[in-house]
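Below are the chains, spelled out letter by letter.
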Amino acid sequence: MSKLVITSIGPASSVQDGGRPGSQRYGLVPSGAMDRLALAAANTLVGNEPFAAAVEIGPFGAVFTARGGGVRIALSGASRNGDIAGRPVAVDTSATLADGETLTLGFARSGSFSYLAIEGGIAGEPDFGSLSVNARAGLGSPYPRPLQSGDELQTTPASGAPERRIELPATAEAPIRVVWGPQDDEFADDAKQLFIHSEWKISATSDRMGYRLEGPVIKHLHGHNIVSDGTVNGSLQVPGNGQPIVLMPDRGTSGGYPKIATVISADFGRFAQTPAGRAFRFKAVSMAEAQAAARQFADLLRSLPDRLRPIESFDLNIDALQDANVAGYAVSAVDAATWQVASPADVSGPD
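Anyway, here's the lowdown on the structure attached to this text. (Residues numbered from 1 in each chain as written. Predicted model: local features only at pLDDT ≥ 70, side-chain atom pairs only at ≥ 80, totals over all residues. Heavy atoms only, no water.)

### Focus on the sheet that holds strand 7 (residues 87-88)
Working definition: the strands of a sheet are paired by backbone hydrogen bonds and lie parallel or antiparallel to each other. This is how the line gets drawn: Strand pairing follows a simple DSSP-based rule, namely that at least 2 bridges must link the two strands. Where helices and strands are cited, they refer to DSSP runs of H or I of at least four residues and of E of at least two residues respectively, numbered from the N terminus.
Strand order in the open sheet made by the 6 strands is 7-6-9-4-1-11, with antiparallel pairing throughout. Unpaired on one side and paired on the other, strand 7 and strand 11 (152-155) mark the two borders of the sheet. When strand 4 (residues 62-67) meets strand 9 (residues 102-108), the two strands line up antiparallel, connected through 4 bridges. Looking across to strand 9, one finds that F64 is bridged to L103.

In structure tokens form, the structure reads like this:
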């Protein structure tokens, strides 16, 4: 087998897959990827099942080296600089490391998490049907903890398949959509309006268990203790200090603080990618709107194989690329058709 050796990696990085759906009824934390679309896109690029295990890389950089043979990888999620032996590696593309070659990834420039999928998947022993790591619970494989320097990820040798890119919709610059409840009746109307119309930021103390929000104090009507009930990804608990906490994949399965609202599933990955300190707002939508958005998100996941494109081979024209960027057009560095300028003969027309 080939293996990908971790030379260095920052905190908040671990092996994650689609999680443990259906296990919460037994009190088992679901875990899984923070951004399911990015996980599925990376896996689709290398021919894996959409929610196969991959490396979830936090905001800091990482370095990986192929040993024992070539390793084919794909990167999706937060944009960041990357290269293999001096060759640039773009987000939403696949690439192959020859034996001994090193992949170097820089800090996230947008978003918080990137997903490094490996062709053939990551070898490990599933815990309750999943390799997803939850360090607090001691679950996950091949390492039931965050990844660290010296760890080795076993996989199959690179197949030699042609490299590809995937076309994903642009990330929406819009408020994070929520539905009210299930305990919004524990808050007065003015408190709910304050929640919706205020600007929020994610605290640097946040983690995979919960994102702590910084903003105005949201007051309760009848105190902050309720009978504990079930939680889901995106549950917006309001503890006694009035500062909401959005529950994430490593959350507890139940909670005893009133939940003023819930982030809709279609927006959860976009919310999870919000960097600490960046301002954003929420928007309340109806249950029907949330369900329609969920169907659209499911359709997007199903469409990923149809969004694959070959990586074109072209001679890099730096002047043309610079001109295209100066002109303000959206370009793809791996698609010459989006930035190559026509030659004088092409634009001069007939004599």
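### Quick word on the layout of surface pockets
Note the threshold: Lining residues are defined by having an atom within 4 Å of a point belonging to a cavity or pocket. Those points lie on a 1 Å grid over the protein atoms alone, cavities being sets where a 1.4 Å probe fits but cannot get out and pockets being open sets with protein on both sides within 12 Å along at least five of seven lines. Grid points are joined across faces, edges and corners, and a volume is the space filled by probe spheres set on the points.
Size it by volume and the second largest pocket reaches roughly 570 Å³. Looking at the lining of the second largest pocket, the elements with two or more residues in it are strand 2 (14-16) and strand 9.

### A closer look at the pairing of strand 8 (residues 93-97)
Across a regular strand the side chains alternate sides, sitting on one face of the sheet and then on the other. Worth spelling out the cut-off: Here's how the labels work: a residue is buried when its accessible area is under 20% of the maximum for its type, exposed when over 50%, partly exposed in between, all with a 1.4 Å probe on protein chains only.
In terms of burial, strand 8 is largely enclosed, as 4 of its 5 residues are buried. Inspection of the sheet shows strand 5 (residues 71-77) paired to strand 8 by 5 bridges, in the antiparallel sense. Looking at the pairing, L75 lines up with T93 of strand 8.

### Re the environment of R212
Defined as follows: Two residues form a contact once any of their heavy atoms are found within 4.5 Å.
Its place among the elements puts R212 in strand 15 (residues 210-214). Residue class for R212 comes out partly exposed when judged on its relative accessible area of 45%. Here the alpha-carbon distance between R212 and L236, two residues 24 residues apart in the chain, equals 9.7 Å. Once residues within four sequence positions are removed from consideration, R212 is found in contact with K201, I202, S203, T205, S206, P244 and I245.

### Quick look at the sheet that holds strand 20 (residues 259-263)
Condition: Each axis is a line fitted through C-alpha atoms, taken for helices only over the stretch in contact, and angles between the N-to-C directions span 0 to 180 degrees.
A sheet is described by the order of its strands in space; here 7 strands give the open sequence 14-15-18-17-20-13-21, paired in mixed fashion. The two strands at the open ends of the sheet, each matched to only one other strand, are strand 14 (201-202) and strand 21 (282-284). Its contacts with the sheet put helix 3 (residues 265-272) on strand 13 (176-180), strand 14, strand 15, strand 18 (245-247), strand 20 and strand 21, and the angle it makes with strand 13 is roughly 130 degrees.

### Description of the packing of aromatic side chains
Counted only if it meets this: Under the pairing criterion, centres of Phe, Tyr and Trp rings, with the six-membered ring standing for Trp, must be within 6.5 Å; the plane angle then separates stacked pairs below 30 degrees from edge-to-face pairs above 60, leaving the rest tilted.
Counted under the stated rule, the structure contains 8 aromatic pairs. Centroid distance Y211 to F271: 5.4 Å. Interplanar angle 50 degrees. Geometry classified as tilted. One end of the pair, Y211, is in strand 15; the other, F271, is in helix 3, with 60 residues separating them in the sequence. Side by side, Y211 and F271 carry an identical accessibility label, which is buried. Summarising the aromatic geometry, the rings of F280 and F282 are spaced 5.2 Å apart at their centres and angled 85 degrees between planes, so their arrangement reads as edge-to-face.

### A closer look at the pattern of salt bridges
What counts here: By definition here, a salt bridge exists when the distance from a side-chain nitrogen of Lys or Arg to a carboxyl oxygen of Asp or Glu is within 4 Å.
Scanning all chains against the criterion turns up 16 salt bridges. Note that D151 is salt-bridged to R145, the shortest N-O span being 2.9 Å. One network of salt bridges, with partners in common, ties together E56, R208 and D250.

### So, the nonpolar core
To keep things clear, this is the line we draw: In plain words, nonpolar cores are sets of buried Ala, Val, Leu, Ile, Met, Phe, Trp, Tyr and Cys residues tied together by side-chain atoms within 4.5 Å.
Ranked by size, the top nonpolar core spans 43 residues in total, and within it F195, Y211, L213, L236, F271 and F282 carry the most contacts. Contributions of two or more residues to this core are made by helix 1 (36-45), strand 10 (114-118), strand 13, helix 2 (189-197), strand 15, strand 20, helix 3 and helix 4 (287-303). The dominant element in this core, judged by the number of residues it contributes, is helix 1, at 7 residues. Apart from the residues within four sequence positions on either side, Y211 is in contact with M34, F113, I202, S206, P244, I245, V246, M248, F271 and A272.

### Quick word on helix 1
We count it as follows: The term polar contact refers here to a pair of N or O atoms within 3.5 Å; inside protein, the definition further demands a hydrogen-donor-capable atom paired with an acceptor-capable atom, and it admits residues adjacent in sequence only when both atoms are side-chain atoms.
Burial runs high along helix 1: 9 of the 10 residues are buried. For helix 1, the N-terminal cap is D35; the gap from its side-chain oxygen to the backbone nitrogen of L37 is 3.2 Å.

### Some thoughts on the packing of helix 1 against helix 4
What counts is decided by this rule: Working definition: roughly parallel below 35 degrees, roughly antiparallel above 145 degrees, roughly perpendicular at 65 to 115 degrees, and oblique for all remaining angles. By definition, turning the near helix anticlockwise from the far helix through less than a right angle yields a left-handed crossing, and turning it clockwise yields a right-handed one. Amino acids outside the nonpolar list (Ala, Val, Leu, Ile, Met, Phe, Trp, Tyr, Cys, Pro) and the charged list (Asp, Glu, Lys, Arg) are all regarded as polar, and Gly is one of them.
Where helix 1 meets helix 4, the axes come as close as 10 Å, and the angle between the chain directions of the two elements is 15 degrees. Accordingly, the angle class assigned to the pair helix 1 and helix 4 is roughly parallel. Two packed elements cross with a definite hand, and for helix 1 against helix 4 that hand is right-handed. Contacts between helix 1 and helix 4 involve R36, L37 and A40 from the first element and F297, L300 and L301 from the second. Tallied by class, the residues present in the contact of helix 1 with helix 4 amount to 5 nonpolar, no polar and 1 charged.

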